[in-house]
Amino acid sequence: MTAAANDLRSAGTPACDWTMTVFELAIFMSVFRARHPPGVEEICQVIGTWFECVVHPPVASAPIENMLANRWVSEDSRCFLATEEGQDRVERP
């Protein structure tokens, strides 16, 4: 099977060498650009405006868990911070 960038079962998982999905990139960018560490609700509000749709927290939970597993973001008191590993992943061509 060939995985696509938006294939949530294989793209970006710790066992796979794929880069972030577009949705994970949007999550990362919202965390990275935030003035303070955002919670899931705030992340969903921000990326919802970018994608011009409502993004519910349960929809973002699995990608955020994947990003935590890959150390692209870290969690502190239910808020998220961008990590150097995440920045490195975003900056790669």
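Right, let's walk through the structure included here. Keep in mind it's a predicted model, so treat the numbers as computed, not measured.

## Remarks on the packing of helix α1 (residues 22-33) against helix α4 (residues 84-91)
Helix packing geometry: the angle between the two helix axes and the distance between the axes.
Now for step 1: Running from N to C, α1 and α4 point in directions that differ by 125 degrees, and their axes come no closer than 11 Å. The angle between α1 and α4 places the two elements in the oblique class. For α1 against α4, the interelement crossing comes out left-handed. Residues L25, F28, M29 and F32 of α1 pack against G86, Q87 and V90 of α4.

## Some thoughts on the pairing of strand β1 (residues 73-76)
Now for step 1: Summarising the sheet, β1 and strand β2 (residues 79-82) pair through four bridges and their orientation is antiparallel. Looking across to β2, one finds that E75 is bridged to F80.
Now for step 2: Linking β1 to β2, which pair antiparallel, is a turn of two residues; within it S77 sits at a positive phi near 55 degrees.

## Here we look at α1
Now for step 1: For α1, built from 12 residues, the straight-helix expectation of 16 Å at 1.5 Å per residue is met to within 8% by its first-to-last C-alpha distance of 16 Å.
Now for step 2: Residues F23, E24, A26, I27, F28, S30 and V31 constitute the buried set of α1.
Now for step 3: Buried-residue contacts for α1 involve α2 (40-51), α3 (57-69), β1, β2 and α4.

## A look at the nonpolar core
Now for step 1: In this structure, I27, I43, I47, I64 and F80 are the most contacted members of the largest nonpolar core, which totals 17 residues.
Now for step 2: Apart from the residues within four sequence positions on either side, I47 is in contact with F23, A26, I27, S30 and V55.

## A few points about the packing of α2 against α3
Now for step 1: The contact between α2 and α3 brings their axes to 10 Å, and the two run at 105 degrees. Between α2 and α3, the interaxial angle falls into the category roughly perpendicular. Packed against α2, whose contacting residues are V40, E41, I43 and C44, the element α3 presents P57, A60 and I64 at the interface.
Now for step 2: Of the residues contributing to the contact of α2 with α3, the split by class is six nonpolar, no polar and one charged.

## Observations concerning the packing of aromatic side chains
Now for step 1: This model, assessed by the stated rule, comprises two aromatic pairs.
Now for step 2: Here F28 and F32 contribute two aromatic rings whose centre-to-centre distance is 6.0 Å and whose plane-to-plane angle is 15 degrees, an arrangement assigned as stacked. Taken together, the residues F28 and F32, both in helix α1 and four residues apart, mark about one turn of the helix.
Now for step 3: For F28, a relative accessible area of 1% puts it in the buried group.

Reading the values: the criteria
Residues numbered from 1 in each chain as written. Predicted model: local features only at pLDDT ≥ 70, side-chain atom pairs only at ≥ 80, totals over all residues. Heavy atoms only, no water. Axes fitted to C-alpha atoms, helices over the stretch in contact; angles between N-to-C directions. Helix = DSSP H or I, 4+ residues; strand = E, 2+ residues; numbered from the N terminus. Parallel < 35°, antiparallel > 145°, perpendicular 65-115°, else oblique. Left-handed = near helix turned anticlockwise from the far one by under 90°. Contact = heavy atoms within 4.5 Å. Pairing = 2+ DSSP bridges. Expected span 1.5 Å × (residues − 1). Buried < 20%, exposed > 50% of the residue type's maximum accessible area, 1.4 Å probe, protein only. Core = buried A, V, L, I, M, F, W, Y, C linked by side-chain atoms within 4.5 Å. Nonpolar A, V, L, I, M, F, W, Y, C, P; charged D, E, K, R; others polar. Phe/Tyr/Trp six-rings, centres within 6.5 Å; stacked < 30°, edge-to-face > 60°.

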